[in-house]
Amino acid sequence: MTPHTIRRTLRAAALVLSLGLGLTSALQAQVPGQAQGLPSPAQAQQMLQDRPDLAAKVREKIGASGLTPEQVRARLRAAGYPDNLLDAYLPGADSTAAGRKPTSGVLDAVRLLGIVSVEEADSLYFLTDSAQAVMDSLRADSLTERGTGLKVFGLALFRRSTSLFIPTLAGPVDANYRLGPGDGLVLILTGDVELAHELEVTREGFIAIPQVGQLNVANLTLAELTDLLYTRLARVYSGVRRGPGATTRFSVSVSRLRAVQVFVTGDVARPGSFQLSAAGTAMTALYAAGGPTENGSFRRIEVRRGGRLVDSLDVYDYLLRGESKGDARLENGDVIFVPVRGNQVKLAGRVVRPAIYELKPGETLADLIRAAGGFEANALRRRVQVDRILPPAQRGVNGRDRVVLDIASDQFTDGVAPPFALAAGDSVTVFEVADRRRGVVTVLGNVWTAGAVGHSPGMKLSDAIRLAGGPKPDVYLGRILVTRLLADSSRVQLRSAFRDSTGAVTEDLPLEEDDEVTVFSRTAFRPERYVVVTGAVRKPGRVIYRDGMTLRDAVLQVDGLRQEALLTEAEIARLPEDSLRQRGRVAETFRVPLDSTYLFDRDPGGRYLGPPGQPAPAAGAADVVLKPYDNVLILRQPDWELHRTIDLSGQVRFPGRYALLTPTDRLTDLIARAGGLTKEAYPDGIRFYRNSDRGGRIGVDLPRVLDDPSYRDNLILSDGDSIFIPEYIPVVYVRGAVNAAMSVTYVKGRSLDYYVGAAGGYSRVADRNRAYVTQPSGKVESVSKHFWFLPDSKPDPLAGATVYVPEKDPADRKDWLAFAGSLAQILASLTAVVVVVVK
């Protein structure tokens, strides 16, 4: 496929996407590094293949075109394509096939079918170019000056995706629009004659009107063409004339705009050649090129035609005042040049639009403040500070390169600035008014509306308290504190008191600005009073004490009793009287009666719904009034508990979860209740696990237990125990520091060494003296060392056992080289001693 075909295909695919989901930028965005011009054929093909959603969009657009399948196939044949090229995308086709990625040939065929026009594709290609320009230039440092947080004013306008400009492809246009080759016109006559003509301006600049002839319209405005038509049409249609007496009227409009090619150069995000509609302006071209870069000028963008300057655009006119003067309509071959920016000044602080602004020669501080939208309400209007980098000729050798200038003027009060001349690199700061508030008194504490109240001359303490809503009912009457700030920032303490809770004070102090009044609450001075409820209750802990609280009240606040609670009595520990405290007592305890009325979980008939327990006595126990800091202990019923359950699984006749009958049930009792072991059971492999704090696997010799129930391994069972009886396991597992860890067939009577040898023997790092066997029952047996010449005792693994050989501890390994060095030193010392003695 030729580059031209790929270009057309890419445009058609982008148009399909734009009409459906607005994803045109996605195609072009996949071609990084293409600053201008067209993507290569390989890149275009890759873009088409990387869009899985494109097939659905092609199918949707073919369906919306109104063409029948026969018409689509006929047009494909006429265009030189296979007539089944688009069958997978026709209405009613297999959706699975239609989900395939369309090839570039499919997209090219869609364009040739007339679903999209060439002009629409050309316009869309312009759009994707603009989108790529935005993505190429969207960098953090292009919007924000590093370290200041200020943005270059105007740059964001061209960096937002919503700013992509689509030029008009059809009318209307204003009367000053100049016609040229490629424009499409519609001429309509009404009255004595009812006619409509579609006219196209030829390459030579003519239009041909039936029965009227050829007219040269090149470079005519739409208004000038209307005047010409009055003259030429009147020669053929006598009713055409100006004024109310005309019996034949006509109208001419532009139905399709021609495309012009312009060039955008200089400091723009994406310089190059762009195709725009003839209605496009210099601003349109700037949008297409992604706008000026951070180094480009916004104030003097030049429009050149035929080698001479025809207009200059100041983007600030558009941004600040909405004016489009200087935004010239472009013609074919025009050059838009963006020079390097002029002097830039930073403006920070309390203005409407803090930013980095470009100033024209002669513009001053007043122009800068006006461009920033003026001062904010909290701006300090007395002075503005300028941080300036001195020109090279004014810099001293002692590091005097920067100076700070304070500009004070009465004009700031009126919202304007004086005409102070600014220089390149100036940094202007507008300060904020001070945070400190004046004319205020602060009322804090136990009043209804604590906070600041306005101070007025002659204000007294009672006035401030009244403005704060007055004191609350629990106000502390004994004192009111007034803190006063003196001129030297020191503070003095004044005081008064309340006569009563209405807010009347004993000494109505006169208040000054910035005084702070504090009103206290009696509640704040009270110690935290509580009772503690523990034992057989649902939520043991502290309960806030209230005067008159009873034992029943406290039990209710801890969500009642647990099912194991003793319903006959409870114990209360109370702080001792002073006489007992003096004798060393820290508490005194006593028992109080409980009854069944403390069990709140009952049905409508009054029957207790909890589990059976110790019989409850009849109701009628007197309620006990508690005192602060009482410790209530709800006792538990002796020997009361819920079921203890054991999991028994594996090769027993009736596996399951069993409840113990007595606290002393043993392993043999449980196996007997489960019907005994099956024929396939392997008692030596029992796995007995205990989940309590002393948990883990417990080694049990089950065969011996079954033979002798009095043997020590016939354990008393505990709640949560888990027992598994496996089938026979005919292997022995060999693990650890052996040459080939594996499973070895069990041979009765063979020792540990036999199975290690079957696994390749001990490895180089094996610690054979610490090898051990974990028997299938969980018991661990190790090698036993003997004195003198007796051989070591080594355990015999049973079927299902695991032989483990640990590695040697690196700390125990001898460093023979170091040992030899030490030995040599000792021998040398001994030799020296012998020589001295012999002499």
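A. Representation of the overall build of the protein in the model. Along its length, the protein carries 21 helices and 35 strands. Relative to its full complement of 839 residues, the protein shows a buried share of 38%. Counting only contacts in the protein whose residues sit at least 6 apart along the sequence, the fraction spanning at least 24 positions is 61%. Taken as a whole, the protein presents about 45100 Å² of accessible surface, with 52% of it coming from carbon and sulfur.

B. View of the pattern of salt bridges. The full count for this structure, using the stated rule, is 38 salt bridges. For D547, the salt bridge identified is with R529, shortest N-O distance 2.9 Å. Remark: R529 occurs in the loop between α15 (522-525) and β21 (530-535) and D547 occurs in the loop between β22 (541-544) and α16 (551-557); sequence separation between them is 18 residues. Of the residues examined, R529 reaches a relative accessible area of 33% and is grouped as partly exposed. Note that R690 is salt-bridged to D721, the shortest N-O span being 2.7 Å. Of this pair, R690 sits in strand β28 (residues 687-690) while D721 sits in the loop between α19 (702-707) and β30 (722-725), and the two are 31 residues apart along the sequence. There is no split in this pair, since R690 and D721 are both buried. Through salt bridges with shared partners, a single network forms among R299, D314, K360 and E363.

C. Spotlight on the environment of A285. Locating A285 in the fold gives a position in helix α11 (residues 282-288). Judged by relative accessible area, which is 1%, A285 ranks as buried. For the pair formed by A285 and F263, sequence separation is 22 residues and the distance between their alpha carbons is 8.3 Å. Contact partners of A285, with chain neighbours within four places excluded, come to V262, V264, L276, L330 and I336.

D. Quick look at the packing of aromatic side chains. Enumeration according to the criterion identifies 13 aromatic pairs in this entry. When the ring of Y682 is compared with that of Y728, the centres are 5.2 Å apart and the planes differ by 85°; the resulting orientation is edge-to-face. Within this pair, whereas Y682 is found in the loop between α18 (667-673) and β28, its partner Y728 is found in the loop between β30 and β31 (731-736), the two being separated by 46 residues in sequence. Residue classification places Y728 among the partly exposed positions, given a relative accessible area of 47%. Grouped by ring-pair contacts, the aromatic residues F153, Y316 and Y357 constitute a single cluster.

E. Seen up close, the pairing of strand β23 (residues 565-574). Burial analysis of β23 places 7 of its 10 residues in the buried class, which makes it a mostly covered element. As paired elements, β23 and strand β25 (residues 631-636) share 5 bridges and run antiparallel to each other. Within β25, the residue paired with E571 across the bridge is L633. Of the pairings in the sheet, the one linking β23 to strand β24 (residues 588-593) comprises 6 bridges and is antiparallel in character. Note that in β24 the partner of E571 across the bridge is R591.

F. Up close: the nonpolar core. Counting residues in hydrophobic clusters, the biggest one holds 76 residues, and the most contacted among them are L229, L286, L347, Y357, L365, L368 and V428. Once residues lying within four places of it in the same chain are set aside, the contact partners of L286 are F158, V268, G291, P292, I301, L313, V315 and V338. Counting residues in each nonpolar core, the second largest holds 24 residues, with V543, M549, L551 and L594 among its members.

G. Representation of the pairing of strand β11 (residues 343-349) in the model. Pairing geometry for β11 and strand β12 (residues 355-359), over 5 bridges, is antiparallel. By the bridge assignment for β12, L347 is matched with A355. Pairing geometry for β11 and strand β15 (residues 427-430), over 4 bridges, is parallel. What sits directly across from G349, in β15, is V430.

H. Quick look at a nonpolar patch on the surface. A cluster of nonpolar side chains, contributed by L823, I826, L827 and L830, occupies part of the molecular surface with about 370 Å² of accessible area. Among the secondary structure elements, L830 is positioned in helix α21 (residues 816-838).

I. Up close: helix α10 (residues 222-236). Here α10 spans 21 Å end to end across 15 residues, near enough to the 21 Å set by a 1.5 Å rise per residue. Turning to α10, its buried residues number three or more, namely L222, L225, L229 and L233. Where α10 is buried, its residues contact β1 (184-191), β3 (206-209), β4 (213-216) and β5 (248-256).

J. Quick peek at the sheet that holds strand β2 (residues 195-200). Spatially, the 3 strands line up as an open sheet ordered β2-β1-β5, and their pairing is antiparallel. Since the sheet does not close on itself, it has two edges, and those belong to β2 and β5, each with one partner. Sheet twist, expressed as the mean angle between neighbouring strand axes with direction ignored, is 20°. When β1 meets β2, the two strands line up antiparallel, connected through 6 bridges.

K. Examining the side chain of T550 more closely. Within the secondary structure, T550 is located in the loop between β22 and α16. Setting aside anything within four residues of it in sequence, one finds T550 in contact with D623, V624, V625 and L626.

L. Structural detail: the side chain of R299. Within the secondary structure, R299 is located in the loop between α11 and β8 (301-305). A residue is classified by how much of its surface remains accessible, and R299, at 7% relative accessible area, is buried. Among the polar contacts listed, one links the side chain of R299 to the backbone oxygen of E358, at a separation of 2.7 Å. In this structure R299 touches L313, D314, Y316, E358, L359, K360 and E363, once residues within four positions along its chain are discounted.

M. Quick look at the sheet that holds β23. Taken together, the 5 strands give an open sheet; going across it, the order is β22-β21-β25-β23-β24, and neighbouring strands pair in mixed fashion. If you trace the sheet from one side to the other, it starts and ends with β22 and β24, each paired once. For this sheet, the mean angle separating the axes of adjacent strands, direction not counted, is 25°.

N. Quick peek at the environment of S784. Mapped onto the fold, S784 is located in the loop between β34 (780-782) and β35 (802-805). Sequence-wise, S784 and Y772 are 12 residues apart; in three dimensions their C-alpha atoms are separated by 9.8 Å.

O. Broad picture of the confidence of the model for the protein. Looking at the protein, the pLDDT average stands at 81 and 77% of residues meet or exceed 70. For the stretch residues 1-49, pLDDT sits under 50, and the model shows 107 contacts to residues farther than four places along the chain or on other chains. Note that residues 116-146 has pLDDT below 50 and, in this model, 88 contacts with residues that lie over four places away or in other chains.

P. Representation of unusual backbone geometry. Positioned with a positive phi, D514 is a non-glycine residue whose angle comes to about 75°. Position of D514 relative to the elements: it lies in the loop between β19 (491-496) and β20 (516-521). Phi at D639 takes a positive value of approximately 60°, unusual for a residue other than glycine. Looking at the element boundaries, D639 is found in the loop between β25 and β26 (645-650). The exposure class of D639 is exposed, given its relative accessible area of 82%.

Here is what the cut-offs are and how they apply
Residues numbered from 1 in each chain as written. Predicted model: local features only at pLDDT ≥ 70, side-chain atom pairs only at ≥ 80, totals over all residues. Heavy atoms only, no water. Helix = DSSP H or I, 4+ residues; strand = E, 2+ residues; numbered from the N terminus. Buried < 20%, exposed > 50% of the residue type's maximum accessible area, 1.4 Å probe, protein only. Contact = heavy atoms within 4.5 Å. Areas by Shrake-Rupley, 256 points an atom, 1.4 Å probe, with all protein chains shown as cover. Salt bridge = Lys/Arg side-chain N within 4 Å of Asp/Glu carboxyl O. Phe/Tyr/Trp six-rings, centres within 6.5 Å; stacked < 30°, edge-to-face > 60°. Pairing = 2+ DSSP bridges. Core = buried A, V, L, I, M, F, W, Y, C linked by side-chain atoms within 4.5 Å. Patch = residues over 30% accessible without salt bridge, like charges linked within 9 Å, V, L, I, M, F, W, Y side chains within 5 Å. Expected span 1.5 Å × (residues − 1). Axes fitted to C-alpha atoms, helices over the stretch in contact; angles between N-to-C directions. Polar contact = N/O pair within 3.5 Å; in protein donor to acceptor, adjacent residues only side chain to side chain. pLDDT = per-residue confidence, 0-100.

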